[in-house]
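Residue-level listing of the chains:
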Amino acid sequence: PINALVGVAGTPLGAAEPESSARRLRLLVANVWCERAPTPALAELVRREAPDLLAVIELTPSWLAALEELADLLPHRVAAPREDPFGVA
């Protein structure tokens, strides 16, 4: 399983989304664990949740390559993959 949180900016995690019609920013944060080989589970979660922003913690070069399939959904990125637990995107 992928450790991930999905939330709406300005809303506490676990709380119901506000009822206002104002634009909300959806954020998905995933810790992929740098020692785990990439799996399709994260891409599936991102496609299902359709966040505005995706933050990936412990990003390795192999995880970054595996997430390229999300370029159509999240075309803009800043990524700093590493082979240790300090890679992020």
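In the block above lies the structure referred to throughout.
First things first, this report covers the structure right here in the doc. (Residues numbered from 1 in each chain as written. Predicted model: local features only at pLDDT ≥ 70, side-chain atom pairs only at ≥ 80, totals over all residues. Heavy atoms only, no water.)

1. Description of the environment of Leu27
The condition that has to hold: In DSSP terms, a helix is any run of H or I states spanning at least four residues, a strand is any run of E spanning at least two, and both are numbered starting from the N terminus.
In this structure, Leu27 sits in strand E2 (residues 26-31). As a C-alpha pair, Leu27 and Pro51 span 24 residues in sequence and 5.4 Å in three-dimensional space.

2. As for the layout of surface pockets
Empty space left among the atoms is revealed by rolling a probe the size of a water molecule over them. For the record, the criterion: Each cavity reported here is a set of points on a 1 Å grid over the protein atoms alone in which a 1.4 Å probe fits but cannot get out, each pocket an open set with protein on both sides within 12 Å along at least five of seven lines, and each lining residue one with an atom within 4 Å of a point. Grid points are joined across faces, edges and corners, and a volume is the space filled by probe spheres set on the points. In this classification, the charged set is Asp, Glu, Lys and Arg, the nonpolar set is Ala, Val, Leu, Ile, Met, Phe, Trp, Tyr, Cys and Pro, and all remaining amino acids, among them Gly, are polar.
The volume enclosed by the largest pocket comes to roughly 320 Å³. Around the largest pocket sit 14 residues that line it, and Leu54, Leu74, His76, Arg77 and Ala89 are the ones nearest its centre. A per-class count over the lining of the largest pocket returns 10 nonpolar, one polar and three charged.

3. Overview of the nonpolar core
Basically, it comes down to this: For this analysis, a nonpolar core means a set of buried residues of the types Ala, Val, Leu, Ile, Met, Phe, Trp, Tyr and Cys, connected via side-chain atoms within 4.5 Å. Relative accessible area decides the class of each residue, using a 1.4 Å probe on protein chains only: under 20% of the type maximum gives buried, over 50% gives exposed, and in between gives partly exposed. Here, two residues are considered to be in contact whenever any of their heavy atoms come within 4.5 Å of each other.
Core analysis: the biggest nonpolar cluster contains 13 residues, and Leu28, Leu42, Val46, Val56 and Leu67 have the highest contact counts within it. Every element with two or more residues in this core is listed here: E2 and helix H1 (41-49). Per element, the largest residue contribution to this core is four residues, and it comes from H1. Those residues within four positions of Leu67 in sequence are excluded, and the remaining contacts are Leu42, Val56 and Leu59.

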